[in-house]
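# A look at the structure
The chain contents come next:
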Amino acid sequence: MPSSGDAAGRRPHVVLIPSAGMGHLVPFGRLAVALSSGHGCDVSLVTVLPTVSTAESKHLDALFDAFPAVRRLDFELAPFDASEFPSADPFFLRFEAMRRSAPLLGPLLTGAGASALATDIALTSVVIPVAKEQGLPCHILFTASAAMLSLCAYFPTYLDANAGDGGGVGDVDIPGVYRIPKASIPQALHDPNHLFTRQFVANGRSLTSAAGILVNTFDALEPEAVAALQQGKVASGFPPVFAVGPLLPASNQAKDPQANYMEWLDAQPARSVVYVSFGSRKAISGEQLRELAAGLETSGHRFLWVVKSTVVDRDDAAELGELLGEGFLERVEKRGLVTKAWVDQEEVLKHESVALFVSHCGWNSVTEAAASGVPVLALPRFGDQRVNSGVVARAGLGVWADTWSWEGEAGVIGAEEISEKVKAAMADEALRRKAASVAKAAAKAVAGGGSSHRCLVEFARLCQGGTCRTN
Ligand SMILES: O=c1ccn([C@@H]2O[C@H](COP(=O)(O)OP(=O)(O)O[C@H]3O[C@H](CO)[C@@H](O)[C@H](O)[C@H]3O)[C@@H](O)[C@H]2O)c(=O)[nH]1
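All values reported here derive from a predicted model rather than from experimental measurement. Numbers given to residues run from 1 along each chain, matching the order in which its sequence is written. Local features in this predicted model are restricted to residues of pLDDT 70 or higher, and side-chain atom pairs are both shown and tallied only at a pLDDT of 80 or more, whereas totals for entire chains, interfaces and linings draw on every residue. Excluding hydrogens and water, the side-chain values take into account all heavy atoms of the structure.

Any two strands are treated as partners once DSSP identifies two or more bridges connecting them. Helix and strand definitions follow DSSP, with helices as H or I runs of at least four residues and strands as E runs of at least two, each counted in order from the N terminus. Read across the open sheet, the six strands follow the order β12-β11-β10-β13-β14-β15; overall the sheet is parallel. Each of the sheet's edge strands pairs with one partner strand only, and the pair in question is β12 (336–339) and β15 (398–400). On average, each strand axis in the sheet is inclined to that of its neighbour by 15°, with strand direction left out of account. Pairing of strand β10 (residues 273–277) with strand β11 (residues 302–306) involves five bridges; the strand directions are parallel. Residue pairing for β11: V274 is matched across the bridge by F303. Simply put, an axis is a line fit to the C-alpha atoms, just over the touching stretch for a helix, and the angle between two N-to-C directions goes from 0 to 180 degrees.

Time to look at the site of the ligand. Around the ligand, 24 residues are found, and the nearest of them are S280, V343, S365, E368 and D384. The contact in question runs from an oxygen atom of the ligand to an N or O atom on the side chain of T143, over 2.8 Å. Where the shell around the ligand is concerned, the elements lending two or more residues are α1 (22–38), α13 (363–372) and α14 (385–395). Ranked by residue count, the leading element in the shell around the ligand is α13, at four residues. One heavy atom within 4 Å of a molecule or strand makes the whole residue count as near it. Under the rule applied, a polar contact is a pair of N or O atoms within 3.5 Å (in protein, one hydrogen donor and one hydrogen acceptor; residues adjacent in sequence only if both atoms are side-chain atoms).

What follows covers unusual backbone geometry. Residue P50 is bonded to the preceding L49 through a cis peptide linkage, with omega at -5°. By secondary structure assignment, the location of P50 is in the loop between β2 (42–49) and α2 (54–66). Cis peptide bonds are those with omega within 30 degrees of zero, and the linkage from G245 to P246 qualifies with -5°. For P246, the location among the structural elements is in the loop between β9 (241–243) and α8 (261–266).

This part covers the sheet that holds strand β5 (residues 138–142). The strand order across the open sheet formed by seven strands is β3-β2-β1-β4-β5-β8-β9, and the pairing between neighbours is parallel. Lying at the two open borders of the sheet, with one neighbouring strand each, are β3 (70–76) and β9. When the angles between neighbouring strand axes are averaged without regard to direction, this sheet yields 25°. Summarising the sheet, strand β4 (residues 116–119) and β5 pair through three bridges and their orientation is parallel. For A118, the partnering residue across the bridge sits in β5 and is H139. Residue contacts follow a heavy-atom distance rule, with two residues in contact if any of their heavy atoms lie within 4.5 Å. Packed on one face of the sheet, helix α17 (residues 451–463) meets β1 (13–17), β4, β5, β8 (213–215) and β9 and runs near 140° to β9.

Expected helix span is given by 1.5 Å per residue-to-residue step, counting one fewer step than there are residues. A rise of 1.5 Å per residue sets the reference length of helix α3 (residues 90–112), with its 23 residues, at 33 Å; its end C-alpha atoms lie only 28 Å apart and thus fall more than 12% short of the reference. Note that bend, as reported per residue, equals the angle between axes fitted to the 7 residues terminating at that residue and the 7 residues originating from it. In the structure, α3 departs most strongly from a straight axis at A102, where the bend amounts to approximately 60° and where the proline P103 lies between one and four residues downstream. Residues of α3 that are buried: R94, E96, A97, M98, S101, A102, L105, G106, L108 and L109. Buried residues in α3 make contact with β1, β2, β3, β4 and α4 (124–134). One side-chain oxygen of the residue at the start of α3 lies 3.0 Å from the amide nitrogen of F91, identifying that residue as D89. Throughout, exposure labels follow a simple rule: accessible area from a 1.4 Å probe, protein chains only, divided by the maximum for the residue type, with under 20% read as buried, over 50% as exposed, and the rest as partly exposed.

Fine structural detail should not be taken from predicted coordinates in areas where pLDDT scores are low. Each residue carries a pLDDT score, the predictor's own confidence in it, on a scale running from 0 to 100. For the protein chain, per-residue confidence averages 89 on the pLDDT scale, and 90% of positions sit at 70 or higher. pLDDT under 50 marks residues 313–317. Its contacts with residues more than four places away, or in other chains, come to seven contacts. This complex was scored by the predictor with a pTM of 0.94 and an ipTM of 0.99.

With that out of the way, let us pick up the packing of α13 against helix α16 (residues 429–446). When two helices pack together, you describe them by how their axes are tilted relative to each other and by the distance separating the axes. Remark: α13 packs on α16, axes separated minimally by 6 Å, with the N-to-C direction vectors making an angle of 95°. On the basis of their axis angle, the class for α13 and α16 is roughly perpendicular. Contacts from A370, A371 and S372 in α13 reach V438, A439 and A442 in α16. Following the grouping adopted for this structure description, the nonpolar residues are Ala, Val, Leu, Ile, Met, Phe, Trp, Tyr, Cys and Pro, the charged ones are Asp, Glu, Lys and Arg, and the polar ones are all others, Gly among them. When its residues are assigned to classes, the contact of α13 with α16 shows five nonpolar, one polar and no charged. Each angle is binned into one of four classes, with values under 35 degrees roughly parallel, values over 145 roughly antiparallel, values of 65 to 115 roughly perpendicular, and all other values oblique.

Only centres within 6.5 Å qualify two rings of Phe, Tyr or Trp (six-membered ring in Trp) as a pair; their planes then separate them into stacked at under 30 degrees, edge-to-face at over 60, and tilted for everything else. Considering all chains together, one arrives at ten aromatic pairs under this definition. Within the aromatic cluster, the residues linked to one another by ring pairs are Y154, F155, Y158, F196 and F200. Remark: a charge is flagged as sitting over a ring if the NZ atom of Lys or the CZ atom of Arg is within 6 Å of the ring centre and within 35 degrees of the ring normal. Positioned above the aromatic ring of Y178 is the side chain of R394, whose terminal nitrogen or guanidinium carbon lies 3.6 Å from the ring centre.

Let us now look at the pattern of salt bridges. Any Lys or Arg side-chain nitrogen located within 4 Å of an Asp or Glu carboxyl oxygen qualifies as a salt bridge. The final tally for this structure, using the stated rule, is 15 salt bridges. Across the salt bridge formed by D74 and R72, the nearest N and O atoms sit 2.9 Å from each other. Its salt-bridge partner being E417, residue K421 comes within 3.9 Å of it at the nearest N-O pair. Of this pair, K421 and E417 both sit in helix α15 (residues 415–426), four residues apart, roughly one helical turn. Via salt bridges that share partners, E84, E96, R99 and R100 belong to a single interconnected network.

Have a look at this one:
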């Protein structure tokens, strides 16, 4: 039953505070739509200004237009002198600006009449203290996999237990989940003194301060990790965990009027196209791009390849043709489309011509492939993407070519290997059937009475001031 209000009949007002980057903003927008449309919550989505990219501004504008029930709560960052950090990336600068603007957040939340908050793991050190001051429960929407959440939750304990072993990190056997091999763990975590590792450990410890943790996954996709987290096997004192995914696309992507990829897909035979995309962030080097181009060419298959300037190393910011190898675009003209546009990935994955998704396994892409039943050929690059690729392989949603040699996150996979893997995955009927069954399980999870739907109901009840029955 959706919550219908507190004793005085008031609906809970959940304020969502995302961190920067499309990979984080997209699931927050989807959660906002889900909570406001079917679960009796008033929902505000904090829009941090200025946004870090035009993709973000366009995405937010399209979302608020399409879903007026989601309130826009603008949060103007206090000006600060970014030249203090000459070589910092935009995401670090955004975090620093948020940290410095934290005193402005309390009045914003009071003014909005918030009754509960949900924020990103990256912002807990900023938001949880403000929530405490305001007496508001603060939840986390974890935007990566439950496997990654369990690694994050367990990692502080793991490091404490292995402190005497020369400080290195090996395989990590997460209680109740499974053993994550060293080669899958984000590379920076191999060094316990790395800044990223210290932040990861701080994030892991902060999880127990949250009132609840939402994860964009579902029971059937990650049965071990979801159960272990919900049963408190991974870390003690863990808050309730709500597996609410796949958070469904809200069909609200900002459309690029110049882009012709849908017409191109319409003209291709059913289940003939390999869709290739590596998310919204820098994820692939120029050298890897050229190997991928050559691999796609020799595979002989049709392909739609989304190459973003932000996905290309800054040093390689050349024209596409030059970037992908001489004559490539001309040679593949009849069977390949390479675009720099922002595509509506949901629409692409649902298109009947698409047969395979060559993906970096950013978690949103994995959940979208799961919802669409398109098999994944995992080509992870950095951060959580190897852990996610392991999930993809375990669930039968795709193949992770873990025979691909591990040469660190900057390693390059050769054209021949890519070509062989693409050909094998395109010919794999059993894989196609398994991916379709994952999509059925995803649809069941989010339908009324399904596991993810029940978790959202429980979450809304908790925001209402009720008790939680999920865990
Ligand atoms: O042309 C495009 C490109 C991307 N997308 C969407 O943008 C999102 C991208 O998210 P994701 O697939 O997760 O990739 P990243 O942008 O790389 O995501 C970052 O955030 C994720 C969630 O925390 C992590 O799992 C990744 O490793 C991290 O790089 C997805 O919803 C895509 O559908 C589009 O719709 N059109």
